[in-house]
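Breakdown of the fold
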Amino acid sequence: MDSVTPSTAPILEVTDLRTVFGTREGTVHAVNGVSFHLHEGELLGIVGESGSGKSVTVMSLLKLVPMPPAEIVSGRVMFNGRDLLKLGSSDLRRVRGGEIGFVFQDPMTSLNPVFTVGYQLMEPLQKHLGLSKAEARKRAAALLDLVGIPSAVDRLDDYPHQFSGGMRQRVMIAIALSCDPKLLIADEPTTALDVTIQAQILELVRKLRQELGMAMIWITHDLGVVAGIADRVIVMYGGLLVEHASVRDLYGNPQHPYTRALLETLPSLDSTRSKRLKTIFGQPPSLVAEPTSCPFAPRCQFAFDRCWKENPSIHTTNGGWADGRVSHDVACWWDIDQGAPRDDG
Amino acid sequence: MTAEMIMASDRQATSEPLLQVRDLKMHFPIHAGILRRQIGTIKAVDGISFDIRPGETLGLVGESGCGKSTTGRVILRLYNATSGHVILDGQDITDLHGEELRRIRPRMQMVFQDPHASLNPRMTVGSIISEPIDEHGILKGSDKTDRVEELLNAVGLDPKYTNRYPHEFSGGQRQRIGIARALALNPAFIVCDEPIAALDVSIQAQVVNLLEDLQEQFGLTYLFISHDLSMIRHIADRVAVMYLGKIVELASRDDVYGAPKHPYTQALLSAVPVPNPLVEAEREHIVLEGDLPSPANPPEGCNFCTRCPIATDICRKEDPVWREIEPGRHVACHYAV
């Protein structure tokens, strides 16, 4: 993945990120050596089921995981020429909400109920951009307008409970966008919302990306949402990055048995209806064990002896970036197209 | 079991509905002030009618707050309906009380949404599943133990787990325990209230397949409540779409998904993201404006008129009638043809 990169240098480069949690049952290996990067203006989707480590990965980027029990044991997060993991807490605070905006899953709990929406919008503007109160208020109103909240000026003095779920998520997006971030990280931003409201938010994000052109990381468990908005997609399973590809390659030609199985289990809305749903047998992994074998092996129909002994390394299945295409990477010992174990090399 | 299967197919042949719901309403009072005076009502379910035939699955879809869960609960008499009728096996159960009500309870059961909250953490799996059996005093001693084992087998769990506690199981396994409990009394009708919403994608398919197997095996009839339109398409024979306390469209699965008639159904279907980037890029999304109005203060005229892309003056004045536009195809919209 580090070979030639198209047009621009990445604005974010994550290398070998490892985060563990110390619990009474032992060490939980939540993120096991994840590497990825992001270019300007790109939208990277991260998909995975609960416990796959997708949230912990992005929380670790800004050290938003509670430490302890969490510990970032290794990794490098290069953003704007600096390693975020090496920054002190005051420098980090300048990045959080300033250069990198965050939208969390639950719009009901991520806004403070005792402060007005205007206050919460103006806070980062005053702190990060040093605007005066009057300037901040003006910009706050402009931001609410940008995210499609009607009569924005009047609503600045309202409290979060006076907004509906979809409107609250719009406010969260406005706050995240307030300081013109270079990167916006959205952690399951539409999961708590109804489909028709989700459609509104997706439409808004498409519009904002066109207007503002910031890079985005979008975490979700919904393969449908990612298909509609992402440029590239990462699939995570058991704390590992198992597949990475452009959105078309990933859905058109999935290379990891997990991705393939996951796409097959989904009932479809339009194509022929199968009599029975395909299933992935077994349970997601517990992550308490040291990652010494492929986490998907117990549920994989192709698993063979090597999968139980070695953690799979990342293989690039197309020409990769050198070809001018998005590299299609898969962490699997089995070559699903050849139907045979992969050659090393 | 064969006898049950024959019974099920018999019932299907006669096609006498197992459950009839007629103009069912469930209004919750809103109290406020120190005197707790009633200041309004939330019209959670506001006049719905439908039939469920034996052995079929009726899918009930809608967004949060539309009244779909309340519908399930009123039918099972977990709430007392404000007005209307629920008729099970030809018997009106809306006003049954005490012992009479208790006697029909085993006929209808429920599978709940959250498998973490619906199982008592202090009870073993065995006692959770045998509780309904004890309650209705059907089996005792070793017969009961055998029955619990049989049920665990039926839902794909190892019978040796009877002495374990719910926390020792994963979400999908807990949902299986909840299903075993619902099956304990040999019900005819089960309300599945978002049974897969709390589960991971890879586990959802397992539970849905189990529900379908059990339906075939025991001739069960389901009311399957969900907000997941693709899953409803898979599991349901007929689909009812709910909006703000009313059913706006009810038809066979293929009709609803193939050619939806109500503008809300059309918008809802177009809003579901499809896991295929090529399709997603081409597809037209109908993005509805605004939010769901409050069921305490529904708009005048058609409930959907505030967000409807084709609403006209008549929609803001007159509530559309619930009519059958083709055999077996019901819509409540002035403009549906």
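Rules of the game
Residues numbered from 1 in each chain as written. Chains lettered and ligands numbered in written order. Predicted model: local features only at pLDDT ≥ 70, side-chain atom pairs only at ≥ 80, totals over all residues. Heavy atoms only, no water. Salt bridge = Lys/Arg side-chain N within 4 Å of Asp/Glu carboxyl O. Helix = DSSP H or I, 4+ residues; strand = E, 2+ residues; numbered from the N terminus. Buried < 20%, exposed > 50% of the residue type's maximum accessible area, 1.4 Å probe, protein only. Pairing = 2+ DSSP bridges. Contact = heavy atoms within 4.5 Å. Axes fitted to C-alpha atoms, helices over the stretch in contact; angles between N-to-C directions. pLDDT = per-residue confidence, 0-100. Parallel < 35°, antiparallel > 145°, perpendicular 65-115°, else oblique. Left-handed = near helix turned anticlockwise from the far one by under 90°. Nonpolar A, V, L, I, M, F, W, Y, C, P; charged D, E, K, R; others polar. Polar contact = N/O pair within 3.5 Å; in protein donor to acceptor, adjacent residues only side chain to side chain.

**Describing the pattern of salt bridges**
Applying the stated criterion across every chain yields a total of 32 salt bridges over all chains. A salt bridge links Arg 137 of chain A to Asp 157 of chain A; the nearest nitrogen and oxygen atoms lie 3.3 Å apart. Highlighted residues: Arg 137 of chain A in helix α4 (residues 133-146) and Asp 157 of chain A in the loop between α5 (152-155) and α6 (165-177), separated in sequence by 20 residues. Note that Arg 102 of chain B is salt-bridged to Glu 99 of chain B, the shortest N-O span being 4.0 Å. Note that Arg 102 of chain B and Glu 99 of chain B are positioned in helix α3 (residues 98-104) at a spacing of 3 residues, about one turn of the helix. Through salt bridges with shared partners, a single network forms among Arg 53, Glu 56 and Arg 238 of chain B.

**Some details on the pairing of strand β10 (residues 246-252) of chain B**
Side-chain positions along a regular strand alternate between the two faces of the sheet. Residues and elements named next belong to chain B. Here β10 lies mainly inside the structure; 6 of its 7 residues are buried. Two elements, strand β9 (residues 238-243) and β10, share 6 bridges in a ladder whose sense is antiparallel. Following the sheet pairing, Val 239 is matched in β10 by Ala 251. Between the antiparallel neighbours β9 and β10 lie 2 residues, among them Leu 244 with a positive phi of about 50 degrees. As defined by bridge partners, β10 adjoins strand β12 (residues 329-331) across 2 bridges and the pair is classed as antiparallel.

**Some details on the sheet that holds strand β5 (residues 82-83) of chain A**
Residue and element names in this part refer to chain A. Pairing is antiparallel in the open sheet, where 4 strands are placed in the order β2-β1-β4-β5. Strands with a single pairing partner mark the edges of an open sheet, and in this sheet they are β2 (26-38) and β5. In this structure, strand β1 (residues 12-23) lies alongside strand β4 (residues 70-79), joined through 8 bridges in antiparallel fashion. Residue Val 14 lies in a different strand from β4, and its bridge partner there is Val 77. Here helix α1 (residues 54-61) sits on the sheet and contacts β1, β2 and β4; the angle it forms with β1, its principal contact strand, is near 110 degrees.

**Brief notes about the confidence of the model for chain B**
Any segment with low pLDDT has predicted coordinates that should not be analysed in fine detail. Residue and element names in this part refer to chain B. On average, residues of chain B carry a pLDDT of 88, and 96% of them reach 70 or more. When pLDDT is averaged over each element of chain B, strand β3 (residues 57-61) comes out on top at 95 and helix α1 (residues 2-14) at the bottom at 46. Here residues 1-13 is a poorly scored stretch, pLDDT under 50, and it has 13 contacts once near neighbours within four places are set aside; other chains count.

**Topic: the packing of helix α3 (residues 117-129) of chain A against α4 of chain A**
Residue and element names in this part refer to chain A. Interhelical geometry of α3 versus α4 gives an angle of 120 degrees and a closest axis separation of 9 Å. Here α3 is positioned oblique relative to α4, judged by the angle of their axes. Every pair of crossing elements has a handedness; the one defined by α3 and α4 is right-handed. Contacts between α3 and α4 involve Val 117, Leu 121, Met 122, Leu 125, Gln 126 and Leu 129 on the former and, on the latter, Lys 133, Ala 136, Arg 137, Arg 139, Ala 140, Leu 143 and Leu 144. Grouping the amino acids of the contact of α3 with α4 by side-chain chemistry returns 9 nonpolar, 1 polar and 3 charged.

**Things to note about the confidence of the model for chain A**
The predicted model of chain A averages 84 in pLDDT, with 95% of residues at 70 or higher. Scored below 50 in pLDDT, residues 1-6 of chain A makes 15 contacts in the model with residues more than four places away or belonging to other chains.

**What about unusual backbone geometry?**
For the peptide bond that leads from Met 67 of chain A to Pro 68 of chain A, omega is -20 degrees, which places it in the cis range. Within the fold, Pro 68 of chain A resides in the loop between α1 and β4. Across the junction of Pro 68 of chain A and Pro 69 of chain A, the peptide omega takes the value 10 degrees, indicating a cis bond. Position of Pro 69 of chain A relative to the elements: it lies in the loop between α1 and β4. Here the phi dihedral of Asp 23 of chain B falls at roughly 45 degrees; this positive angle occurs in a residue that is not glycine. Summarising the element assignment, Asp 23 of chain B is placed in strand β1 (residues 19-32). Residue class for Asp 23 of chain B comes out partly exposed when judged on its relative accessible area of 42%.

**A word on the interface of chain B and chain A**
Taken residue by residue, the interface counts 42 residues in chain B and 46 residues in chain A. Seen at the junction of chain B and chain A, the total is 1 salt bridge. As a salt-bridge pair, Asp 213 of chain B and Arg 276 of chain A come within 2.6 Å of each other at their nearest N and O atoms. For the pair chain B and chain A, the number of links is 10 residue pairs in polar contact (both at pLDDT 80 or more). Of all the elements in the fold, those that place two or more residues in the side of chain B that touches chain A are α7 (201-218), α8 (229-235), α9 (253-258), α10 (263-271) and α11 (277-282) of chain B. Top contributing element to the side of chain B that touches chain A by residue count: α7 of chain B, with 9 residues. The residue makeup of the side of chain B that touches chain A, split by class, is 21 nonpolar, 11 polar and 10 charged.

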